[in-house]
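# Residue-level structure breakdown
Spelled out, the chains give:
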Amino acid sequence: MKKAISILMLTFVIFSCGEDNDDLLTPVQTKAAITFNFTHNWDATAINSSNIQTETVTNAHGEIMNMTSLRYLVSRFELTNQNGDIYSFNGYKFTDLSNETTYNFSPDNNIIPIGTYTLKFIWGFNETDNMDGAYPDLNSASWNWPEMLGGGYHFMQLDGMYNVNTTPMPYNFHNGTARVSADVFEQNFAEIMLPTPITITNNATIEIKMNIAEFFKNPNTWDLNVLDTSLMPNYDAQKMMQANVNTVFSIGNITQ
């Protein structure tokens, strides 16, 4: 009888160890693939390919305006974890709001360790990347910034009409290198730092929200009756755009 009990106990131990080994062999995810998804709004109103040419909005100065087109460029994405380790991503993102396939950005080197991060990227190109004629796809998109204004590329093109309920007038809110004087130019990109923690536990899509209304109100309230067209050679207007872009972006939903 004792022998039978011993055999049963040994069988139970072996079976239990086998179950433990199965648990130990279950793979634990330590890295994740990430994608960035840009969404666009005017305060509480979503702006996308279906309504960019029909939506009417009111800016902080009180002008009623529409947006017939909006294109912009961001680059040099970086995620920094809580230990200060930085993960940099190749490429740049060119977005055309009339084409929703351009809203996503999935870098080639998009695998990072799971953890908690903060995001930084460049509005436009920095002085290293903003090279005249260097990017064939941007050349084809007529994205070049005039050589007489410093060369390189646009950071943004936003066009439309204002005072649309009274006397409609055009505006061209174009941003790029700032021209100080003849043959004197100033870099005009901005480092966008988003402090909201981003916790990655699995393959994830990080939503980055763009509030277009912020371009017209923070910290500079924009008067389109004064600054509507011919803004590209206007140094003060370009520096106001650079200041206002800092509050345009925020972290949205993290889909995992």
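As the structure is a prediction and not an experimental result, all values here were calculated from the model.

## Let's talk about the overall build of the protein chain
The helix and strand inventory of the protein chain stands at three helices and 17 strands. Within the protein chain, the proportion of its 256 residues that are buried is 43%. Intrachain contacts of the protein chain at a sequence separation of at least 6 include 70% that bridge at least 24 residues. Approximately 13,000 Å² of the protein chain is accessible, and the part contributed by carbon and sulfur atoms is 53%.

## What about unusual backbone geometry?
The omega torsion of the bond from Asn-218 to Pro-219 falls at 0 degrees, within 30 degrees of zero and hence cis. By the element assignment, Pro-219 lies in the loop between strand 16 (204-211) and helix 3 (235-244). The phi angle at Asn-163 is positive, at roughly 55 degrees, despite the residue not being glycine. Turning to its location among the elements, Asn-163 is positioned in the loop between strand 11 (156-162) and strand 12 (169-175). Residue Asn-163 is classed as buried on the basis of its relative accessible area, which comes to 17%.

## Some thoughts on the pattern of salt bridges
Scanning the model with the defined rule gives five salt bridges in all. Residue Lys-120 pairs with Glu-78 through a salt bridge whose shortest N-O separation is 3.6 Å. In this pair, Lys-120 sits in strand 10 (residues 115-123) while Glu-78 sits in strand 5 (residues 69-81), placing the two residues 42 residues apart along the sequence. The salt bridge involving Glu-186 is made with Lys-239; its shortest N-O contact spans 2.7 Å. Linking Glu-186 in strand 14 (residues 184-186) with Lys-239 in helix 3, this pair joins segments that are 53 residues apart in sequence. One network of salt bridges, in which partners are shared, links Asp-43, Glu-214 and Lys-217.

## A few points about the nonpolar core
Core analysis: the largest hydrophobic core is formed by 56 residues, its most contacted members being Phe-36, Trp-123 and Phe-249. Beyond its immediate chain neighbours, meaning those up to four positions away, Phe-249 contacts Phe-38, Tyr-72, Val-74, Phe-121, Trp-123, Ile-192, Leu-194, Ile-208, Lys-209 and Met-210. Grouped together as the second largest cluster of nonpolar side chains are six residues, Phe-125, Tyr-135, Leu-138 and Tyr-153 included.

## Remarks on the packing of aromatic side chains
The description of two aromatic rings rests on the distance between their centres and on the angle between their planes. Summed over the entire model, instances satisfying the criterion amount to 25 aromatic pairs. Measuring from centroid to centroid gives 5.3 Å for Phe-77 and Phe-121, while their planes differ by 25 degrees, and the two rings are stacked. One end of the pair, Phe-77, is in strand 5; the other, Phe-121, is in strand 10, with 44 residues separating them in the sequence. On the basis of relative accessible area, Phe-77 is assigned to the buried category, the value being 1%. Phe-121 gets classed as buried once you look at its relative accessible area, which sits at 0%. Plain terms: the ring middles of Phe-173 and Phe-215 are 5.9 Å apart, the flat faces sit at 70 degrees to each other, and that makes the pair edge-to-face. With Phe-173 in strand 12 and Phe-215 in the loop between strand 16 and helix 3, the pair connects residues that are 42 residues apart, well separated along the chain.

Rules and cut-offs
- Residues numbered from 1 in each chain as written.
- Predicted model: local features only at pLDDT ≥ 70, side-chain atom pairs only at ≥ 80, totals over all residues.
- Heavy atoms only, no water.
- Helix = DSSP H or I, 4+ residues; strand = E, 2+ residues; numbered from the N terminus.
- Buried < 20%, exposed > 50% of the residue type's maximum accessible area, 1.4 Å probe, protein only.
- Contact = heavy atoms within 4.5 Å.
- Areas by Shrake-Rupley, 256 points an atom, 1.4 Å probe, with all protein chains shown as cover.
- Salt bridge = Lys/Arg side-chain N within 4 Å of Asp/Glu carboxyl O.
- Core = buried A, V, L, I, M, F, W, Y, C linked by side-chain atoms within 4.5 Å.
- Phe/Tyr/Trp six-rings, centres within 6.5 Å; stacked < 30°, edge-to-face > 60°.

Nothing here speaks to function; it is all geometry.
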